[in-house]
Amino acid sequence: MIPIIVPVFGPEETAAVAEVMRTGWVVQGPKVKQFETALAALVGADQAIAVSSATAGLHLALHVAGIGPGDDVVVPSLSFIATTNAAWMAGTNPVFADVAPDCPNVTAETIARAWTDRTRAVIAVHQLGMPLDRAPIAELCKARGAVLIDDAACALGSLCAGEPVGKGAELAVFSFHPRKVVTTGEGGAITTTRADWAERLRGLRQHGMSIAPAERHHSGASESYAEPGWNYRMTDLQAAVGVEQLKRLPAIVERRRALAAHYDALLQDCWDVAPMQPRAGAAWNAQTYCLCVMPDGGPPGSRRDRVLRHLNARDVGARRGILAAHLEPAWRNQPHGPLPCSDAWAAQSLALPLHHYLTDEEQRFVVATLREALAQVA
Ligand SMILES: *Cc1c(COP(=O)(O)O)cnc(C)c1O
């Protein structure tokens, strides 16, 4: 099977984990701090707070901004389901915004169309690592007094106008799940420009504790609990892997971009598919190579599903592309306006294998198998 993704681990990660085990401090310790410092530097953020996943990070981001029950949160339906679930975890009502026809991201216009008089926050996703057209969205949120949260789960290593995604964001959330460009197994982080929120987030991720374990350890002071919180801690075993992974990020992104460009070249004359492309001016981390399979007149998604079955039967680990929450049983009954672009992307999108060790021969096999599948009539 040619897998969709393979983590890039070397002896450095193994040694780093062994070292943490040797010290005996395995949760929320010095490695987590080191990981946060390295991540903040990479993103160009004032503060980074490591958590157990991006989903946990999105939940905390909403909570720290004071968004909760009674509030509407605008989210793209077209995203990994965690974006919508995080709004639900915070007790808010997710309101689905559509995405653009030419890029699977929300825009200021689609967000404005989803706005209600209870809207107090927007979670805008940099889908597949493709940077949002963010400035007009930030302007809209500012004008209407709503908080903007960047779901940058997939976007570590992507640049927009030369700046890392997340830089300057009030709240941006990253994921280190193995499906993303670098991984800590499970893991996430929030970056923020607000020192007051950073301090509260450090408490909220560990039961609302108001003093860090490292400080307690050194000063002998006892902790107190100023407000209720969650257990969303990252372990030092994960953070140790993360520190090494961040060092690898530039090489991983460079390789992914080259592989994506190679797929583009191999598919150039294939009119039955349209590979997704980032907006002009964006430097994309190529987190997922996703394309749209042109419909053939059958029911929505039927041709894509047929192509997917053909690829999987020949050991090509392709997957359906981006899902739309409003089409999933969990959120099917959520009221929403028309979402035509989300419907189309959800029915047509297909992700091809793209991992660090993918060979030229494998890429050619994937494309030949895809062409074979496309040539088949229903
Ligand atoms: C992967 C992903 C998440 C969730 O990340 P976890 O770390 O697995 O919780 C959230 N949003 C988007 C857009 C994602 O792709």
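Residues numbered from 1 in each chain as written. Predicted model: local features only at pLDDT ≥ 70, side-chain atom pairs only at ≥ 80, totals over all residues. Heavy atoms only, no water.

## Structural notes on the environment of Asp133
Then, in step 1: As for its position among the elements, Asp133 is in the loop between strand 4 (119-125) and helix 6 (134-144).
Then, in step 2: Residue class for Asp133 comes out partly exposed when judged on its relative accessible area of 39%.
Then, in step 3: Separated by 19 residues in the primary sequence, Asp133 and Ala152 place their C-alpha atoms 13 Å from one another. (Helix = DSSP H or I, 4+ residues; strand = E, 2+ residues; numbered from the N terminus. Buried < 20%, exposed > 50% of the residue type's maximum accessible area, 1.4 Å probe, protein only.)

## A short note on the packing of aromatic side chains
For any pair of aromatic rings, geometry is given as the distance between the ring centres together with the angle between the planes.
Then, in step 1: Tallied over the entire structure, the rule returns three aromatic pairs.
Then, in step 2: Both rings, one in Trp230 and one in Tyr232, keep their centres 6.1 Å apart while their planes meet at 5 degrees; by these two values the pair is stacked.
Then, in step 3: Look at Trp230 and you get partly exposed, because its relative accessible area is 26%.
Then, in step 4: Judged by centre distance (4.8 Å) and plane angle (35 degrees), the rings of Tyr263 and Tyr289 are tilted. Here Tyr263 is found in helix 9 (residues 236-266), whereas its partner Tyr289 is found in strand 12 (residues 289-293), with 26 residues between them in sequence.
Then, in step 5: The class of Tyr263 is buried, set by a relative accessible area of 0%.
Then, in step 6: On the basis of relative accessibility, which here comes to 1%, the residue Tyr289 falls in the buried class.
Then, in step 7: In this structure, Arg194 is placed above the aromatic ring of Trp197, and the distance from its NZ or CZ to the ring centre is 3.9 Å. (Phe/Tyr/Trp six-rings, centres within 6.5 Å; stacked < 30°, edge-to-face > 60°. Lys NZ or Arg CZ within 6 Å of the ring centre and 35° of its normal.)

## Thoughts on the site of the ligand
Then, in step 1: Taken together, the neighbourhood of the ligand is formed by 15 residues, with Ala54, Thr55, Asp151, Ser175 and Lys180 sitting nearest.
Then, in step 2: Separating an oxygen atom of the ligand from a backbone N or O atom of Ala54 is a distance of 2.9 Å.
Then, in step 3: One of the side-chain nitrogen or oxygen atoms of Asp151 is found 2.8 Å away from a nitrogen atom of the ligand.
Then, in step 4: Compared with its free state, where it exposes 390 Å², the ligand has 93% of that area covered by protein.
Then, in step 5: Counting atoms within 2 Å of the grid points, the majority share of the ligand lands in the largest pocket.
Then, in step 6: Listed by contribution, the elements that provide at least two residues to the shell around the ligand are helix 3 (54-64) and helix 4 (82-89). (Near = heavy atom within 4 Å. Polar contact = N/O pair within 3.5 Å; in protein donor to acceptor, adjacent residues only side chain to side chain. Areas by Shrake-Rupley, 256 points an atom, 1.4 Å probe, with all protein chains shown as cover. 1 Å grid on protein atoms, 1.4 Å probe; cavity = no way out; pocket = protein on both sides within 12 Å on 5 of 7 lines; lining within 4 Å. Sits in = over half its atoms within 2 Å of the grid points.)

## A look at the sheet that holds strand 9 (residues 188-192)
Then, in step 1: The seven strands lie next to each other as 1-9-8-5-4-2-3, forming an open sheet whose pairing is mixed. With one partner strand each, in any of the chains shown, strand 1 (47-51) and strand 3 (93-97) form the two edges of the open sheet. Strand-to-strand twist in this sheet, taken as the mean axis angle between neighbours without regard to direction, amounts to 25 degrees.
Then, in step 2: Relative to strand 4, strand 2 (residues 72-76) runs parallel, the two sharing three bridges. Each bridged residue has a counterpart across the sheet, and for Asp72 the counterpart in strand 4 is Thr119.
Then, in step 3: Running over the sheet, helix 2 (residues 30-43) touches strand 1, strand 8 (171-175) and strand 9 and is turned about 130 degrees from strand 1.
Then, in step 4: Packing of helix 6 onto the sheet brings it into contact with strand 4 and strand 5 (147-151), and relative to strand 5 it is tilted by some 150 degrees. (Pairing = 2+ DSSP bridges. Axes fitted to C-alpha atoms, helices over the stretch in contact; angles between N-to-C directions. Contact = heavy atoms within 4.5 Å.)

## Topic: the environment of Pro76
Then, in step 1: Take Pro76: it is sitting in strand 2.
Then, in step 2: Sequence-distant contacts of Pro76, defined by excluding residues within four places in its chain, comprise Thr83, Thr84, Phe96, Ala97, Val99, Val106, Ile123 and Val125.

## Considerations on empty space enclosed by the protein
Over the atoms, a rolled probe matching the size of one water molecule traces out where space is still vacant.
Then, in step 1: Considering all chains together, one arrives at one cavity of 30 Å³ or more under this definition.
Then, in step 2: Estimated volume of the largest cavity: approximately 60 Å³.
Then, in step 3: As for the largest cavity, its lining consists of Ile5, Val6, Pro7, Val8, Pro178, Lys180, Val181, Val182, Thr183, Gln245, Ile252 and Arg256.
Then, in step 4: A per-class count over the lining of the largest cavity returns eight nonpolar, two polar and two charged. (Points joined across faces, edges and corners; volume = space filled by probe spheres on them. Nonpolar A, V, L, I, M, F, W, Y, C, P; charged D, E, K, R; others polar.)

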